[in-house]
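As a plain string of letters, each chain reads:
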Amino acid sequence: MIAPACFADASCRRNTMSRYNAAEAEPKWRRVWDEMNAFKAERDPAKPKYYVLEMFPYPSGRIHMGHVRNYAMGDVIARYKRAQGFNVLHPMGWDAFGMPAENAAMERGSHPATWTYDNIAAMREQLKMMGLSLDWSREFATCDPEYYAQQQAMFLDMYKAGLVYRKSSTVNWDPVDMTVLANEQVIDGKGWRSGAPVERRELTQWFFRISDMAGELLEAIDGLTAWPEKVRLMQRNWIGKSRGLQFAFEVLDAPAGHEKLEVYTTRPDTLLGASFAAIAADHPLAGALAGDNAELSDFIARCRRMGTSEEELEKAEKIGFDTGLRVRHPFDPDWTLPVYVANFILMDYGTGAIFGCPAHDQRDLDFARKYGLPVTDVYCAQGSDERVGDEAYVPLKSEPVRYLLPLAGEEIMSGDQGVDAAIARCEAEGVGEGVINYRLRDWGVSRQRYWGCPIPIIHCDSCGPVPVLREQLPVKLPEDVTFDKPGNPLDRHPTWGHVACPDCGGAARRETDTMDTFADSSWYYARFTNPHAETPTDPDDVAYWMNVDQYIGGVEHAILHLLYSRFWARAMHLTGHLPKSAIEPFDALFTQGMVCHETYRASDGRWLTPAEVSDKDGAKIETATGAPVNIGPSVKMSKSKKNVVDPEHIIAEYGADTARWFMLSDSPPERDVEWTAAGAEAAARHLQRVWRLADEIADQRSATESNATADDTLRRVTHKVIDGVTQDIDGFAFNKAVARLYELTNAIAKSGDASATARREAIAALAQLMAPMTPHLAEEIWARLGEATPLVASGWPKADPALLVEDLIRLPVQVNGKKRGEIEVAKDAAKDDIESAALADASVIRAIGGATPRKVIVVPGRIVNVVI
RNA sequence: GCCCGGGUGGUGGAAUGGUAGACACGGCAGACUCAAAAUCUGCUGCUCUUGCGAGCGUGCGAGUUCGAGUCUCGCCCCGGGCACCA
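## Quick look at the overall build of chain A
At step 1: Across its full length, chain A carries 27 helices and 36 strands.
At step 2: Counting over 868 residues, chain A shows a buried share of 53%.
At step 3: Intrachain contacts of chain A at a sequence separation of at least 6 include 71% that bridge at least 24 residues.
At step 4: With the model as given, the accessible surface of chain A reaches about 39200 Å², and the carbon-plus-sulfur share is 50%.
At step 5: Of the charged side chains in chain A, 96 are positive and 124 negative; the average position of the first set lies 4 Å away from that of the second.

The following block contains the structure:
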């Protein structure tokens, strides 16, 4: 038989080009890793450990591109550290309690547990398709009784340690559905289902004493040097330390028990500019006055018809109600101020009462103008006599100003100095005292919902709240519940709540509040170190594995989740569940950006998914109708705008490696990334190109015409890329690492005249360097090169320092800061030699145009600047 | 409203105060092909110029510096968080 001519003809080899089949190779390598138990983490004191953790997902039902990005990044770190010889812990679990399961139960009658565990099963399969180097043997869900049993045990330990207490606080109340609403369920002040205006209602709820740790949590931020600066700053601002004065106004003709009105101010230096006092609608004094004042109780009711979120309170129009009551100014017995109830005073902050100085606070000024109150300037800018008009004068506290009405201190001083002087005088005269205050409030953990961790307390009419006995934990959620009625199913369950008091044995009722899901996610990182221990943690395991060396997640968790975790770790230490060394559980933090996509709308305004849209003649059309499509801006992928791409489809079409590679390319990890179909295709094409090169080189026996220069060039690139990628991964610059890997690929493609040895070294290094990002393809290449041991068990390449240094370097030459030429000099050339070489360059001479250089700046290895 | 980020070619982005645009996408041209796809090679910030080259250019406006995308001040626009979404 005559072979087709094509086989003999080199140019025809392209027609028989080898293709990498991801659909075949990816499951194969995942089986190999599974059989090797490659990612199972075991304690081994002989090896350095590395704990890498990505924020665990909420089991919504399907993974989305944000998950792909988050877990691709974590997997790069995990595989990279493993290659470097670390004993890596890289676990996965589920943040499985929360409202969506109850919503699903209401909408389609599924039980929250069924819905949740079904979702987990589906998402686990999807995550497995990504080829992540996870230790699945440690998997758990926070809704597993085994997990929340330990959370209840810790709650009781913390209760005993005085870290938990009950107090009254406000919730959003839907008066029609008779249920508590989350902030996101309040839309324009109305309940999302009923449409009824929400009310603020007082409930007795459970709280963690996080505010007692405010100072400690603030100071410890200084030690979190491997956290993003912006997160540290956001946490500092959230804790909000302030120094101020707390003092009491004397109330004239006060209702009984309210002879003194305690106020807190951070600007006691403006006390002589006070024009009114204001109290929160929830202030006890307001309640006392409302008793015999229908108008005032109406006003208070109006204030309570606002949502509970700070945003809503701040944005609302500032209104007040003159109580008719007056308070005496502490520094002038003849001077009295009116007392208002105002909607912008928070009962939770300070004492729930303030004095207003309109000249130096815009909110107070607006309020004063509205109610015709006096505006008295306390200070003005140095060298200016301008008085406050419609804009309050609010300079930085560090800026020196001229005091017109100083309470104490110099005429010219900064606000900070003025505050210090004012506090000193007030303390000396017994008017009040300087106090440190924090914005941070105690953490309210009570939720009036079913799908959460039950709070293990029993309420007894004679004994009060009593902890559930240890041996009776966990307090399990009852399974026979219905969601056909609004409100908490635990409240109306016929039997679950009725128990005997552990103390007196009398009839008592279970607590029906469950815990905020932030509690569940505040300690899961510690549980991963031994997920089936019969205590919350095992001392040996936490000692070995904690802390998390690298934590990765969305910046949307920058404040609450991370702050609560820092608190809970401290609380676990105080109750004996974590060593002192683990009170800051996350040594390093990385916050990744979101995944965005263009938005598409049909002419009638319908949102269209990218899958419903196709290209025609350079424009986008709706595939089903052929009608043109309006392209909107690229925004975070969301169901409401339908701009979502299903990772499962991408993986089915191109393979997991392509999805991972694309996610890591181009965009810096901390910034948003835009998913484009073109980008995904390009990523797939590149991976094929790498495979073809590997396939070709694997068969290359010797160089066709090897030459030393070609080898040297290729080897220099190879080692420079090894060095660069290593640094880039260490610095979380995956996009830069990818760019370097493209450079190495390009260099290999152009290295046809290099020896087989040099090309093999290069392609092997490329496989090793790509392994953290595209693990399946890297294994396939590694095997194609004839390596017997899987790549997952081989190490990380090392750059040869000798190949990283260049003897000759090119230096740009500027004339008056503009680049005019370039010279080539020895790496260690003397400054004088560089200067004369620069001045001898033809284009530099032309640019100087005969003028005499006034100065020549030589920055060795960087630049030359000739100043004329 | 308050706190925190971000803004660089047609696009995603790169750049210890030192050559702005690495790398990629897209586009253009060429090779291979009957043709197309795939692949390979080259070019590609904008304006002027046949060319050599010149001017302009990192959201806007000032400033510091021999030199600013980078530092300082003042604006504009976009995004995240605001305590019961997770």
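## Description of the nonpolar core
At step 1: Counting residues in each nonpolar core, the largest one holds 174 residues, and the members touching the most others are Y524, Y525 and W675.
At step 2: Membership of the second largest hydrophobic core comes to 42 residues, among which are A290, V341, Y403 and I423.

## Brief notes about the protein's contact with RNA strand B
At step 1: Of all residues adjacent to RNA strand B, which total 66 residues, the nearest are N183, R447, R449, K736 and N865.
At step 2: Sugar plus phosphate: this is where 64% of the atoms of RNA strand B within 4 Å of the protein reside.
At step 3: The backbone of R439 places a nitrogen or oxygen atom 3.1 Å from a base nitrogen of RNA strand B.
At step 4: Interatomic distance of 3.1 Å between a side-chain N/O atom of R689 and a phosphate oxygen of RNA strand B.
At step 5: With six residues, the single largest contributor to the surface near RNA strand B is helix α23 (residues 734-749).
At step 6: Tallied by class, the residues present in the surface near RNA strand B amount to 24 nonpolar, 15 polar and 27 charged.

## Remarks on the environment of M306
At step 1: Mapped onto the fold, M306 is located in the loop between α10 (294-304) and α11 (310-315).
At step 2: Assessed through its relative accessible area of 13%, M306 is described here as buried.
At step 3: When residues no more than four places from it in sequence are discounted, the contact partners of M306 are R200, E312, L313, A316 and N343.

## Some words on the pattern of salt bridges
At step 1: Overall, the coordinates contain 38 salt bridges when judged by the stated rule.
At step 2: Here R363 makes a salt bridge to E314, at a shortest N to O gap of 3.0 Å. With R363 in helix α12 (residues 362-371) and E314 in helix α11, this residue pair connects regions lying 49 residues apart in the sequence.
At step 3: Of the charged contacts in the structure, one is a salt bridge between R447 and D516, with a shortest N-O distance of 3.1 Å. Here the residue R447 occupies a position in strand β19 (residues 446-447), and D516 occupies one in the loop between β24 (514-515) and α15 (517-520), the gap between them amounting to 69 residues.
At step 4: Judged by its relative accessible area of 28%, R447 is partly exposed.
At step 5: According to the relative accessible area criterion, D516 is buried, its value standing at 5%.
At step 6: A single salt-bridge network, built from bridges that share partners, covers E216, R566, R570 and E584.

## Digging into the packing of aromatic side chains
Here the distance between the centres and the angle between the planes together describe a pair of aromatic rings.
At step 1: Tallied over the entire structure, the rule returns 44 aromatic pairs.
At step 2: Judged by centre distance (5.9 Å) and plane angle (65°), the rings of W33 and F39 are edge-to-face. For the pair W33 and F39, a shared accessibility class is recorded, and that class is buried.
At step 3: Summarising the aromatic geometry, the rings of F276 and Y340 are spaced 6.2 Å apart at their centres and angled 80° between planes, so their arrangement reads as edge-to-face. Taken as a pair, F276 in strand β10 (residues 276-279) and Y340 in strand β12 (residues 332-342) lie far apart in primary sequence, 64 residues in all.
At step 4: Owing to a relative accessible area of 0%, F276 belongs among the buried residues under this scheme.
At step 5: Assessed through its relative accessible area of 5%, Y340 is described here as buried.
At step 6: Among the aromatic residues, those joined into a ring-pair cluster are F56, F140, Y147, W523, Y524, Y525, F528, Y551 and F586.
At step 7: Taking the ring centre of W33 as reference, the NZ or CZ of R79 above it sits at 4.4 Å.
At step 8: Taking NZ or CZ as reference, R510 lies 5.5 Å from the ring centre of W496, over its face.

## Looking at the sheet that holds strand β14 (residues 379-381)
At step 1: Taken together, three strands build an open sheet; the order of strands is β14-β15-β16 and the sheet is antiparallel. Each edge of the sheet is formed by a strand with only one pairing partner; in this case those strands are β14 and β16 (412-414). Within the sheet, the average angular offset between the axes of one strand and its neighbour, ignoring direction, is 50°.
At step 2: Strand direction decides the pairing type here: strand β15 (residues 400-403) and β16, joined by three bridges, are antiparallel. Note that in β16 the partner of R402 across the bridge is I412.
At step 3: In this fold helix α13 (residues 415-428) packs onto β15 and β16, with an angle of close to 95° to the strand it touches most, β16.

## Overview of unusual backbone geometry
At step 1: Of note, the amide linkage connecting L473 to P474 takes the cis form, showing an omega dihedral of 0°.
At step 2: Residues M546 and N547 are joined by a peptide bond in cis, for which omega reads 5°.
At step 3: You can see N547 is positioned in the loop between α17 (539-545) and β25 (550-554).
At step 4: Unlike most non-glycine residues, F732 shows phi in positive territory, near 60°.
At step 5: Checked against the element boundaries, F732 lands in the loop between α22 (708-730) and α23.
At step 6: By relative accessible area, which is 7% here, F732 ends up buried.
At step 7: In this structure, N816 takes a positive phi of about 50° despite not being glycine.
At step 8: Inspection of the secondary structure puts N816 in the loop between β33 (808-815) and β34 (818-826).

## Topic: the environment of A226
At step 1: Considering the arrangement of structural elements, one finds A226 in the loop between α7 (214-220) and α8 (229-239).
At step 2: For the pair A226 and F590, spaced 364 residues apart in the sequence, the C-alpha separation amounts to 8.5 Å.
At step 3: Ignoring sequence-local partners within four residues, the contact set of A226 consists of D587, A588 and L589.

## Remarks on the pairing of strand β20 (residues 457-460)
Looking down a regular strand, the side chains alternate between one sheet face and the other.
At step 1: Two elements, β20 and strand β21 (residues 464-467), share four bridges in a ladder whose sense is antiparallel. When the sheet's bridge partners are listed, I458 is paired in β21 with V466.
At step 2: As paired strands, β20 and strand β23 (residues 507-510) are joined by three bridges and run antiparallel to one another. Across the sheet, residue H459 finds its bridge partner in β23, namely R509.

## Details of the pairing of β10
At step 1: What you see with β10 is no split at all: F276 and A278 on one side and A277 and I279 on the other are buried throughout.
At step 2: In this structure, β10 lies alongside strand β13 (residues 353-356), joined through four bridges in antiparallel fashion. Looking at β13, one finds that I279 is bridged to A353.
At step 3: The pairing of β10 with β12 spans three bridges and is parallel. Opposite A278, over in β12, you have Y340 as the bridge partner.

## Observations concerning the sheet that holds β21
At step 1: Reading across from one edge, β21-β20-β23-β22 is the order of the four strands in this open sheet, with antiparallel pairing throughout. For this open sheet the edge positions go to β21 and β22 (498-500), each flanked by a neighbour on one side alone. Neighbouring strand axes in the sheet, compared pairwise and without regard to direction, differ in orientation by 40° on average.

## Brief notes about helix α20 (residues 656-664)
At step 1: The element α20 is extensively covered by neighbouring structure, given that nine of its nine residues are classed as buried.
At step 2: Along α20, the positions that sit buried rather than exposed are A656, D657, T658, A659, R660, W661, F662, M663 and L664.

## Things to note about the side chain of K318
At step 1: Tracing the chain through its elements places K318 in the loop between α11 and β11 (320-329).
At step 2: It is E314 that comes nearest to the buried, bridge-free K318 among opposite-charge side chains, at 5.0 Å.
At step 3: Among the polar contacts listed, one links the side chain of K318 to the backbone oxygen of E314, at a separation of 2.7 Å.
At step 4: Beyond its immediate stretch of four places on either side in the chain, K318 contacts L313, N343, F344, R363 and K370.

## What to know about the environment of G189
At step 1: Among the secondary structure elements, G189 is positioned in the loop between β5 (186-187) and β6 (190-191).
At step 2: With 164 residues separating them in the primary sequence, G189 and A353 have C-alpha atoms 25 Å apart.
At step 3: Residue contacts for G189: discarding those within four places in its chain leaves A196, P197, V198 and E312.

Conventions and cut-offs
Residues numbered from 1 in each chain as written. Chains lettered and ligands numbered in written order. Predicted model: local features only at pLDDT ≥ 70, side-chain atom pairs only at ≥ 80, totals over all residues. Heavy atoms only, no water. Helix = DSSP H or I, 4+ residues; strand = E, 2+ residues; numbered from the N terminus. Buried < 20%, exposed > 50% of the residue type's maximum accessible area, 1.4 Å probe, protein only. Contact = heavy atoms within 4.5 Å. Areas by Shrake-Rupley, 256 points an atom, 1.4 Å probe, with all protein chains shown as cover. Lys, Arg positive; Asp, Glu negative; His and termini not counted. Charge placed at Lys NZ, Arg CZ, Asp CG, Glu CD. Core = buried A, V, L, I, M, F, W, Y, C linked by side-chain atoms within 4.5 Å. Near = heavy atom within 4 Å. Polar contact = N/O pair within 3.5 Å; in protein donor to acceptor, adjacent residues only side chain to side chain. Nonpolar A, V, L, I, M, F, W, Y, C, P; charged D, E, K, R; others polar. Salt bridge = Lys/Arg side-chain N within 4 Å of Asp/Glu carboxyl O. Phe/Tyr/Trp six-rings, centres within 6.5 Å; stacked < 30°, edge-to-face > 60°. Lys NZ or Arg CZ within 6 Å of the ring centre and 35° of its normal. Pairing = 2+ DSSP bridges. Axes fitted to C-alpha atoms, helices over the stretch in contact; angles between N-to-C directions.

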